[in-house]
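# Structural features, examined
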Amino acid sequence: MALPERKTDIGPPHYKQFMPPVIVNNYGKWKYHEVLSPSAMVHVAESGDKLWTVRVASPRILATDSIREICDISDKYCDGHLRFTTRNNVEFLISDEKNLEPIQVELKEKGFLSGGIGAGISNVVHTQGWVHCHGAATDASGLVKAMMDELVDYFTTKRLPNKLRLAVACCVNMCGAVHCSDIALVAVHTKVPTIDHEKVKNMCELPTVISSCPTRAISPDPAKKSVKIKEDKCMYCGNCFTVCPPINIKDPDRDGIAIVVGGKVSSLRTNPKFSKLVIPYISNEPPRWPKVVAAVKHIVEIYAENARKHERVGEWIERIGWEDFFKLTGIEFSHQCIDDFTFMRDTLRTSPTFKW
C-alpha cells in the first residue's frame, strides 16, 4: 500500500491551489478577453463564465501594512483571489460583476493608482538600488518615482500605439532583467575599481576575487599579497566588489545612467528582441533625475506620435530604421552605440542595401 504523500516546506505549493474556481473550471477553455478600461478587463470562457480583472500599481517594495490592506480588499470583493504580475502590478480577480464598480471605488478612496492594462505604460519593474544593494550605481526606487510622476497619464488614461514596458536596473548585472523592455534605464559605473591592498589581504579570498571577473582583468599581485586590475580589460561590472568590498567600484561623481530601447519579451507579430543602447551616459542627479526623466519622456512622446497602431517600440524602430530613430528623437549617435561584442556579427546588417 502506497504511503500518503508527505507534506514538506520544500519548494512552492502548486499554483492551482490559489486559482479562483472560475479559472479552475474553465482552465484552457477561454474564448477571448476584452479591455474595458485602462484599469479593468474581462475574460470570457467558452462556457460563458466571466472573470474580471482590476489592476493597480505598486511601488514594488511594499510595507507589510500595504500588503495587508491589499489582502483585505481582495477578501472583501474577490474571495481572497489576487495576483502580482511579473512587473509588480497588483491584479484583483473578480468572479462576480456586481463587485467590479465597488472595488474600483474603494481602491481609489484608499489611494491606489488604477491603470496599466492595454496600450499604455504598465508598472515599472526595477532592481534594488541604493535602498538594498551594496553595488548599485543609482537609486532605482527614486528614479522610478521621478519618471512615473511625469508619465503617470500613460498609466491611467492616455493611450499609446501598443503596450510600453519601462524598466530600471541599478547596475549592469541587471538582477531585474531589464534588457527586454521597450525603454530601460541601466545604471553604469564608469571607473576601474580602487583597491585597498591592506584590507584585501585580510578580508578577501584571492581565488574567489580573481574568478569573479568575467573578463579576466584581475590577476594576483604577490608583492602586495593582493590583486591587480588590468584597466583595458575592466568593464566596471562590480562583480569583484561584490565578493571583496575593499575593491571599491563606487564613485558618486562618475556613476550614471544609460538608456536602452527596443526590447520585448512577447513573440506576437515579431520575435522577442534585446534592447539596444541609444544614450550611453547621463550623470546621476538625485532626487529627481531631470535629464534622465526628460530623455525617457521625449522618447515616449516621439514613439506615440510616429508609431503605427499595434507597433511596439522596437518594431517601430525596425520599420523606420535606426537612422530615422536618431533623427526623430534628436539623440546624438556615438561610438558607444556600435555593437562590438565578440558575437556581434549576428546583429550586423548583411544585405547590400543601406536599410532593411
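Above this text is the structure in question.
Let us look at the structure shown here. (Residues numbered from 1 in each chain as written. Predicted model: local features only at pLDDT ≥ 70, side-chain atom pairs only at ≥ 80, totals over all residues. Heavy atoms only, no water.)

A tally of regular secondary structure across the protein gives eleven helices and 14 strands. Seen through its C-alpha atoms, the protein measures out along the principal axes to roughly 75 × 65 × 45 Å. For the protein, buried positions account for 44% of its 356 residues. In the protein, the proportion of contacts linking residues at least 24 apart, taken out of those at least 6 apart, comes to 64%. Of the roughly 20200 Å² of accessible surface on the protein, a fraction of 54% belongs to carbon and sulfur atoms. Put simply, the protein has 46 plus and 42 minus side-chain charges, and the middle of one group is 4 Å from the middle of the other. (Helix = DSSP H or I, 4+ residues; strand = E, 2+ residues; numbered from the N terminus. Buried < 20%, exposed > 50% of the residue type's maximum accessible area, 1.4 Å probe, protein only. Contact = heavy atoms within 4.5 Å. Areas by Shrake-Rupley, 256 points an atom, 1.4 Å probe, with all protein chains shown as cover. Lys, Arg positive; Asp, Glu negative; His and termini not counted. Charge placed at Lys NZ, Arg CZ, Asp CG, Glu CD.)

Right, let's get into the sheet that holds strand β6 (residues 125–126). Pairing between the strands of a sheet is mediated by backbone hydrogen bonds and can be parallel or antiparallel. As summarised here, the arrangement of the five strands in space is β6-β7-β8-β13-β14, forming an open sheet in which the pairing is mixed. In this open sheet, the two strands that pair with only one neighbour each are β6 and β14 (276–283). In terms of strand pairing, β6 meets strand β7 (residues 166–169) through two bridges, oriented parallel. Within the sheet, the bridge partner assigned to V125 lies in β7 and is A167. Along the sheet, helix α9 (residues 290–306) makes contact with β7, β8 (183–188), β13 (256–261) and β14, crossing β13 at roughly 10 degrees. Docked against the sheet, helix α11 (residues 322–329) engages β13 and β14, running at close to 30 degrees with respect to β14. (Pairing = 2+ DSSP bridges. Axes fitted to C-alpha atoms, helices over the stretch in contact; angles between N-to-C directions.)

Next up on the list: the packing of helix α4 (residues 140–151) against α9. Relative to each other, α4 and α9 sit at 45 degrees, their axes nearing to 10 Å. On the basis of their axis angle, the class for α4 and α9 is oblique. By crossing handedness, the relation of α4 to α9 is classed as right-handed. On α9, the residues touching L143, A146, M147, E150 and L151 of α4 are V292, V293, V296, K297 and V300. (Parallel < 35°, antiparallel > 145°, perpendicular 65-115°, else oblique. Left-handed = near helix turned anticlockwise from the far one by under 90°.)

A separate point is the environment of P245. Looking at where P245 falls in the secondary structure, it is placed in the loop between α8 (239–243) and β12 (247–248). Spatially, the C-alpha atom of P245 lies 9.1 Å from that of D196, the residues being 49 residues apart in sequence.

So, about the side chain of N26. For N26, the position within the fold is in the loop between α1 (21–25) and β1 (30–37). Of the polar contacts made by the side chain of N26, one reaches the side chain of S47; its length is 2.7 Å. Apart from the residues lying within four places of it in its own chain, the contact partners of N26 are A45, S47 and D49. (Polar contact = N/O pair within 3.5 Å; in protein donor to acceptor, adjacent residues only side chain to side chain.)

Our focus in this paragraph is α11. Helical geometry note: an α-helix holds 3.6 residues per turn, so side chains three or four residues apart project in the same direction. Of all the positions in α11, only W322, F325, F326 and T329 are classed as buried. Down the axis, α11 shows its buried residues gathered within 95 degrees of arc, on one side only. In the core, the buried residues of α11 are packed alongside β13, β14, α9 and α10 (313–320). Immediately beyond the C-terminal end of α11, within one or two residues, lies G330, with a positive phi of roughly 75 degrees. (Arc of directions from axis to C-beta.)

With that settled, consider the state of the cysteines. Scanning the entire structure with this criterion turns up one disulfide. In this model C204 forms its disulfide with C244; the gap between the sulfur atoms is 1.9 Å. Measuring the twist about the S-S bond at about 80 degrees, one finds the C204-C244 disulfide to be right-handed. In this pair, C204 sits in the loop between α6 (197–203) and α7 (206–211) while C244 sits in the loop between α8 and β12, placing the two residues 40 residues apart along the sequence. (Disulfide = S-S within 2.5 Å.)

Taken by themselves, the reported measurements are silent on function.
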